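Residue-level structure breakdown
Here is how the chains run, residue by residue.
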Amino acid sequence: MVLKTTNKLASVFARDHVNLTANGSIAIYIALKALDLMPQSSIMMPSICCPSVLSAIHLAGHKPIIADIDPVTFATERKQAELAYTPDCKVIIAVHAYGRPCDILDLCQFCKEKGVVLIEDACLGYGNYIGHQPIGSFGDISILSFGYDKPLSCDGGGGLMTNDDKLATRFTQLLAQNPILSMLPKTQELLVEKLPLLPEYVQARIANSKRYYAEIVAKNISCPEPVWGYWRLPVLAKINRDKIVKTAAMNDL
């Protein structure tokens, strides 16, 4: 089952190597451990993303560099990465915020210029494409999650993908040393069953985002383009944020 699952994921995401993990957070942890960095190395991450990214950095024995986000894409783009970059930065974790692709190609170029490893956190964005290239196929390493309400919800599980033979071997070694960090067989079965439905799920999310964003008419609210398969529907309050949050809570929103 493992080989069947990894082969299917490799085909969908145009990757040479795929390892199956217990979840997306563990995938980031394994990726960082496989790089054999010095303890307390600096890892750049966005200021707005899943807290599991920060947890994985700490679990791997490193320290975060918190980068700002772009107000349009809600992701750390090259401009923000340049401002946050320090000479001791070893890895940049690029997150496709809420499912909207960041400018990953620009970040790839920035990382090459600085000699920094790029980890593409595709957990919320896979199923979308940049040109003809699937999200999850960029960077030195890419991460997937199949937990609750992800593009494919399989009750858990994650993926760790690369085209680097040596990194893939290291991933396999680390997971063999810690079998509890690997994806459960029942999760693999569910993933193989759901994987062909990914394009359908993404189109449903796009339709939902168009429908909901069409109802938001407040001038002090900024919404991203409703053309992506969003994991959640992000909005940016330009003013009166606390009032908006309080009103939403009162109306059970």
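Heads up: the structure comes first, above all this text.
Figured I'd write up the structure that's included with this text.

So, how was this worked out
Each residue is numbered by its place in its chain's sequence as written, counting from 1. Only residues with pLDDT of at least 70 are given local features in this predicted model, and only at 80 or more are side-chain atom pairs given and counted; all residues enter the totals for whole chains, interfaces and linings. Remark: hydrogens and water are excluded; side-chain values derive from all non-hydrogen atoms of the structure. To qualify as a helix, a DSSP run of H or I must reach at least 4 residues; to qualify as a strand, a run of E must reach at least 2; elements of each kind are numbered from the N terminus. We call two N or O atoms a polar contact when they sit within 3.5 Å, provided that within protein one can donate a hydrogen and the other can accept it, with sequence-adjacent residues counted only if both atoms are side-chain atoms. Nine residue types can take part in a nonpolar core, namely buried Ala, Val, Leu, Ile, Met, Phe, Trp, Tyr and Cys, and a core is a set of them joined through side-chain atoms within 4.5 Å. To sort residues, take the accessible area from a 1.4 Å probe on protein chains only and compare it with the maximum for the residue type: under 20% means buried, over 50% means exposed, and anything in between is partly exposed. Throughout, a residue-residue contact means that at least one pair of heavy atoms, one from each residue, lies within 4.5 Å. Think of it this way: a Phe, Tyr or Trp ring, Trp meaning its six-membered ring, pairs with another when their centres are within 6.5 Å, and the plane angle makes it stacked under 30 degrees, edge-to-face over 60, tilted otherwise. The span one expects for a helix is its residue count, reduced by one, times 1.5 Å. Here, the arc refers to the directions that run from the helix axis to the C-beta atoms. We call two strands paired when DSSP finds no fewer than two bridges between them. Here, a salt bridge means any Lys or Arg side-chain nitrogen found within 4 Å of an Asp or Glu carboxyl oxygen. Exposure above 30% relative accessible area and the absence of a salt bridge qualify a residue for a patch, where like charges join within 9 Å and nonpolar side chains (Val, Leu, Ile, Met, Phe, Trp, Tyr) within 5 Å. Methods summary: accessible areas were calculated by the Shrake-Rupley approach with a probe of 1.4 Å, and residue burial reflects only the protein chains presented. In this tally Asp and Glu are treated as negative and Lys and Arg as positive; neither His nor the chain ends contributes. By convention, charge coordinates are those of NZ in Lys, CZ in Arg, CG in Asp, or CD in Glu. Axes here refer to lines fitted to C-alpha atoms; in helices the fit is confined to the stretch in contact. Angles between the N-to-C directions go from 0 to 180 degrees. Working rule for handedness: look at the near helix, and if it is turned counterclockwise from the far one by less than a right angle, call the crossing left-handed; if clockwise, right-handed. The residue classification treats Ala, Val, Leu, Ile, Met, Phe, Trp, Tyr, Cys and Pro as nonpolar and Asp, Glu, Lys and Arg as charged. All others, Gly included, are polar.

With respect to the helices and strands, the residue glutamate 113 is situated in helix H5 (residues 104–114). Taking C-alpha positions, glutamate 113 is 25 Å from leucine 54, a pair spaced 59 residues apart along the chain. Among the polar contacts made by the side chain of glutamate 113, one reaches the side chain of arginine 78 at a distance of 2.6 Å.

What follows is about the nonpolar core. Judged by nonpolar contacts, the single largest core of 29 residues is most densely connected at Ile30, Ile93, Ile119, Ile141 and Ile143. Sorting the residues of this core by element identifies helix H2 (24–34), strand S2 (42–46), helix H3 (51–59), strand S4 (89–95), strand S5 (117–121), strand S8 (141–145) and helix H6 (165–177) as the ones contributing at least two each. Among the elements that make up this core, the one with the highest residue count is H2 (eight residues). Each residue touching isoleucine 143, except ones within four places of it in the same chain, is listed here: Gly24, Ala27, Ile28, Ala31, Ile119, Glu120, Asp121, Ala122, Cys123, Gly159 and Leu160. The next biggest cluster of nonpolar side chains, apart from the first, holds 21 residues, and it includes Ile69, Ala84, Cys89 and Ala94.

Quick look at the packing of aromatic side chains now. According to the stated counting rule, one finds five aromatic pairs in the structure shown. Taking 5.9 Å as the distance between ring centres and 85° as the angle between the ring planes, the aromatic pair formed by tyrosine 85 and phenylalanine 110 counts as edge-to-face. Pair noted here: tyrosine 85 is in the loop between helix H4 (78–84) and S4 and phenylalanine 110 is in helix H5, with a separation of 25 residues, a long-range link. Owing to a relative accessible area of 2%, phenylalanine 110 belongs among the buried residues under this scheme. Here a set of aromatic residues connected by ring pairs shows up, and it is made of Phe13, Tyr126 and Phe146.

This part is about helix H8 (residues 198–213). Helix length check: H8, at 16 residues, gives a terminal C-alpha distance of 22 Å against a target of 22 Å (1.5 Å per residue), a fit within 8%. Inspection of H8 places Leu198, Val202, Arg205, Ile206, Ser209 and Tyr213 among the buried residues, and these make up the whole buried set. Angularly, the buried residues of H8 cover 100° about the axis, an arc narrow enough to put them on a single face. Those residues of H8 that are exposed and aimed more than 90 degrees away from the buried face are Glu200 and Gln203. On its buried side, H8 packs onto helix H7 (185–194).

The next subject is the pairing of S4. Counting buried positions along S4 gives six out of seven residues, so the element sits mostly inside the fold. With three bridges connecting them, S2 and S4 associate as parallel partners. Bridging across to S4, serine 42 finds its partner in cysteine 89. Pairing geometry for S4 and S5, over five bridges, is parallel.

Where charged atoms from two side chains of opposite charge come close, those side chains can pair. Within this structure, the stated rule accounts for five salt bridges. As a salt-bridge pair, glutamate 82 and arginine 78 come within 2.8 Å of each other at their nearest N and O atoms. In this pair, glutamate 82 and arginine 78 are both assigned in helix H4, four residues apart and thus about one turn of the helix distant. One network of salt bridges, in which partners are shared, links Arg78, Glu82, Asp106 and Glu113.

Right, let's get into a negative patch on the surface. A contiguous patch of negative charge, built from Asp16, Asp140, Asp164 and Asp165, is present on the exposed surface. Here aspartate 140 shows up in the loop between strand S7 (133–134) and S8.

Turning our attention to the environment of asparagine 7. Residue placement: asparagine 7 occurs in helix H1 (residues 2–13). Through-space distance from the C-alpha of asparagine 7 to that of valine 18 is 7.7 Å; in sequence the pair is 11 residues apart.

To continue, consider the packing of H2 against H6. Orientation of H2 relative to H6, taken along the N-to-C sense of each, is 115°, at an axis distance of 9 Å. Read as a crossing pair, H2 and H6 show a hand that is right-handed. Across from Ile30, Ala31, Lys33 and Ala34 in H2, the residues of H6 making contact are Leu167, Arg170, Phe171, Leu174 and Leu175. Tallied by class, the residues present in the contact of H2 with H6 amount to seven nonpolar, no polar and two charged.

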